[in-house]
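Fold and contact review
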Amino acid sequence: MALILKGGRVIDPQVGIDGIADVLVEDGKIKSVGASIVTKDAEVLDCSGKIVVPGLVDAHVHLREPGFEHKEDIESGTRAAVRGGFTTVCAMPNTNPCIDDAVGVEYVKAIAEKKGKCKVEVSGACTCERAGETLSDMGDMWDHGVRMFTDDGSGIQKAGIMRLVMDYASQFDCVVSVHAQDDSLVGDGQVNEGKCSTRLGLSPWPAEGEEVEIERDISMCRLTGCPLHIQHITTARALQLVKNAKAEGLPVTCEVTPHHLFFTEDDIDDTYPTNLKVNPPLRTAADAEALREGVVNGDVDIIVTDHAPHAAYEKDREFELAPFGMTGIETSLAAINTHLVKTGRIDYNKLVELMSVKPREILRIAPVKLEEGNVADITVFDPDVAWTVGEDGYASKADNCGFDGKELTGRATDVVINGNLVMEAGDLDD
């Protein structure tokens, strides 16, 4: 049956549309976009007062399967993604076993095909078991569809290994995505080095622990010509390094998370809130403002969540013992809408670029445009609805969300994937 998304504000900077229109979907594709579309026997979804955009993409998600299903699995993680308005996510390879060969890639793809609620792209590890010593089966994984390679959760410590990874990857149309962390500087760091570590008596994590490795990896990009993507960037200087690399003409991109944009080390008080223990850590207010300005001026390429679910008992421990990470896939759209769009710093066209267009470019997946003939992956959200995070629970297995209890504005209401209405009025289709 055909589906008409009726009367929403349709926004897609790729095709120059921003206005009230209808979107007709048939056979998994967009049939037409225009005013007052009428088709016999079509299902009509009233989108009045809502915004209709190309399906959102989260290029950095931990689905935890295989190996850590007590935290999250592909089914629950993709349910949470749809609840947050995402039609595609990219799963990180730090599972057990690690996704460092084609068998691991095909396992995740098979489970996602059977149980996933949204589309799942699979990233592969750069090195075997993410140990930073020997190359993974990158070529074989590329043959099985992997277009992003990363040892996420671990920085590759040896420059020679990083060069080897990038030399090898440069043969393919792919990107090497790096978790920039110099272990010799970070050590047992728990929070940002400075006021926070001193005030709370926690092991310090210097900004240089991120910046030194970013500088090195940009050098390896210059040497090899391999596209480089910097994950979850957190400091003003790190962002300046990326900006300088781009000005030099190097193929370097970067991402930022909502929690690094809207939380700072000052939010970690003497209650030792473990939901705010993240890797890399929350930085200074000046760093967060630099990141926000980077989003506004285009230095930051994409918004990701680094959705990192953990079981409640794992987070309910002393700060030093609790694992790093917070969930965020159900709050990302709302956080960006609340703190950047509603404050006038960016508009919805920019949001679409950051959360839909550019992520697909970096992941080397086909663009999704709101025009005839394109696949019907569509996100619909109410930009004005106010809600309290966690009040109606989470679709994720985990509730370690730093935004828990916060009031946000804007929320996904309807999601279409391959022409199928998988969430309607906030209810997921089981």
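Every chain's residues receive numbers from 1 upward, in the order its sequence appears when written. Confidence filtering applies because this is a predicted model: local features only for residues at pLDDT of at least 70, side-chain atom pairs given and counted only at 80 or more, and all residues used for totals across whole chains, interfaces and linings. Only hydrogens and water are removed before side-chain values are computed, so all heavy atoms of the structure are retained for them.

**Remarks on the overall build of the protein chain**
Broken down by element type, the protein chain carries 13 helices and 19 strands. Seen through its principal axes, the protein chain has C-alpha atoms that stretch 65 × 50 × 40 Å. When accessible area is computed with a 1.4 Å probe and restricted to protein chains, residues below 20% of their type maximum are described as buried, those above 50% as exposed, and intermediate ones as partly exposed. Per-residue burial over the protein chain gives 60% buried out of 430 residues. Within the protein chain, residue pairs in contact and separated by at least 24 positions form 74% of the contacts whose partners lie at least 6 positions apart. Where the 41 positive side-chain charges of the protein chain centre and where its 74 negative ones centre are 2 Å apart. Under the scheme used here, helices are H or I runs from DSSP no shorter than 4 residues and strands are E runs no shorter than 2 residues, and both carry numbers assigned from the N terminus. In what follows, residue pairs with any heavy atoms lying within 4.5 Å of each other are defined as contacts. For the purpose of counting charges, residues Lys and Arg are taken to be positive, whereas Asp and Glu are taken to be negative. His and the chain ends are not included. Note that the charge is assigned to NZ on lysines, CZ on arginines, CG on aspartates and CD on glutamates.

**Topic: the UniProt feature "active site" (unreviewed entry) in the protein chain**
Look at the UniProt record and you will see "active site" (unreviewed entry) annotated at Asp-306. Within the fold, Asp-306 resides in the loop between strand S15 (302-303) and helix H11 (312-315). In this structure Asp-306 comes out as buried when scored by relative accessible area, which is 9%. Apart from residues no more than four positions distant in its own chain, Asp-306 is found in contact with His-60, His-62, His-232, Thr-257, His-259, Asn-279 and Met-326. UniProt positions are given in the numbering used here, feature names are shortened, and annotations may be inferred rather than shown by experiment.

**A closer look at helix H13 (residues 348-363)**
Helix length check: H13 (16 residues) gives 22 Å between terminal C-alpha atoms against 22 Å at 1.5 Å per residue, within 8%. Within H13, 13 of the 16 residues are buried, leaving the element largely enclosed by the surrounding structure. Two N or O atoms count as a polar contact when they lie within 3.5 Å, although within protein this holds only if one can serve as hydrogen donor and the other as acceptor, and sequence-adjacent residues are included solely when both atoms are side-chain atoms. By the N-cap criterion, in which a side-chain oxygen at the helix start approaches the backbone nitrogen of a residue two or three places on, H13 is capped by Asp-347, the distance to Asn-349 being 3.2 Å. Positive backbone phi, approximately 60°, marks Arg-364, located one or two places after H13. Multiplying one less than the number of residues by 1.5 Å gives the expected span of a helix.

**Some points on a negative patch on the surface**
On the surface, Asp-266, Asp-267, Asp-269 and Asp-270 cluster together into a negatively charged patch. Within the secondary structure, Asp-270 is located in the loop between helix H9 (258-262) and helix H10 (285-297). Patch criteria: residues need more than 30% relative accessible area and no salt bridge. Like-charged residues are merged within 9 Å; nonpolar side chains of Val, Leu, Ile, Met, Phe, Trp and Tyr are merged within 5 Å. Residue burial considers only the protein chains on display, and all accessible areas are found by Shrake-Rupley using a 1.4 Å probe. Take a side-chain nitrogen of Lys or Arg and a carboxyl oxygen of Asp or Glu: if they are within 4 Å of each other, that pair is a salt bridge.

**A word on the sheet that holds strand S8 (residues 119-122)**
Pairs of strands are assigned from DSSP output, requiring at least two bridges between the strands. Read across the sheet, three strands follow the order S6-S7-S8 without closing on themselves; strand pairing throughout is parallel. Across the chains shown, the open sheet's two edge strands, defined by having one partner strand only, are strand S6 (56-61) and S8. Each adjacent strand pair in this sheet contributes to an overall mean axis angle of 20°, direction not counted. Bridge count between S6 and strand S7 (residues 86-91): four bridges; the pairing is parallel. Fitted lines through C-alpha atoms give the axes, limited to the stretch in contact for helices. The angle between two N-to-C directions lies from 0 to 180 degrees.

**What to know about the environment of Val-103**
Tracing the backbone shows Val-103 in helix H2 (residues 102-115). Among the residues examined, Val-103 registers a relative accessible area of 64% and is labelled exposed. Along the chain, Val-103 and Thr-87 lie 16 residues apart, while their C-alpha atoms are 25 Å from each other.

**Details of the packing of helix H1 (residues 74-83) against H2**
Running from N to C, H1 and H2 point in directions that differ by 60°, and their axes come no closer than 9 Å. With respect to their mutual orientation, H1 and H2 come out oblique. Like other packed secondary-structure pairs, H1 and H2 cross with a definite hand, here right-handed. Residues Ile-74, Glu-75 and Thr-78 of H1 lie in contact with H2, whose contacting residues are Val-108, Ile-111, Ala-112 and Lys-115. When grouped by side-chain class, the residues that make up the contact of H1 with H2 number four nonpolar, one polar and two charged. Roughly parallel refers to an angle under 35 degrees, roughly antiparallel to one over 145, roughly perpendicular to one between 65 and 115, and oblique to any angle outside these ranges. Crossing chirality is assigned from the near helix's rotation relative to the far helix, an anticlockwise turn below a right angle marking it left-handed and a clockwise turn marking it right-handed. Residues are grouped as follows: nonpolar covers Ala, Val, Leu, Ile, Met, Phe, Trp, Tyr, Cys and Pro; charged covers Asp, Glu, Lys and Arg; every other residue, Gly included, is treated as polar.

**What to know about the side chain of Thr-127**
Position of Thr-127 among the secondary structure elements: in the loop between S8 and helix H3 (138-143). Residue Thr-127 is classed as buried on the basis of its relative accessible area of 0%. Of note is the side chain of Thr-127, whose polar atom sits 3.3 Å from the backbone nitrogen of Ala-131. Setting aside residues no more than four positions away along its own chain, Thr-127 makes contact with Asp-100, Gly-132, Glu-133, Thr-134, Leu-135, Ser-136, Asp-151, Ile-156, Ile-161 and Val-165.

**A few points about the packing of helix H4 (residues 159-169) against helix H7 (residues 208-224)**
Look at H4 against H7: their axes get within 10 Å of each other, and the N-to-C directions meet at 45°. One finds that H4 runs oblique with respect to H7. The hand of the H4/H7 crossing is right-handed. Of H7, the residues touching H4 (which contributes Ala-159, Met-162, Arg-163, Met-166 and Asp-167) are Arg-216, Asp-217, Met-220, Cys-221, Leu-223 and Thr-224. Grouping the constituent residues of the contact of H4 with H7 by class yields six nonpolar, one polar and four charged.

**Here's the deal with the pairing of strand S10 (residues 175-178)**
In S10, alternate side chains face the same way, and those of Val-175 and Ser-177 on one face and Val-176 and Val-178 on the other are all buried. Here the term right-handed applies to a crossover when the path leading from its first strand over the helix to its second strand runs clockwise, the strands being oriented away from the viewer. In this view, the connection linking strand S9 (residues 148-149) to its parallel neighbour S10 by way of H4 has right-handed handedness.

**Some points on the packing of aromatic side chains**
Only rings of Phe, Tyr and Trp enter the pairing, Trp through its six-membered ring, and a pair is recorded when the two centres are within 6.5 Å. The plane angle decides the type: under 30 degrees is stacked, over 60 is edge-to-face, the rest tilted. Going through the model one piece at a time under the given rule, you end up with six aromatic pairs. Ring plane angle 80° and centroid distance 5.7 Å describe the contact between Trp-205 and Phe-324, whose orientation is recorded as edge-to-face. One end of the pair, Trp-205, is in strand S12 (residues 204-205); the other, Phe-324, is in the loop between H11 and helix H12 (332-341), with 119 residues separating them in the sequence. In this structure Phe-324 comes out as partly exposed when scored by relative accessible area, which is 28%.

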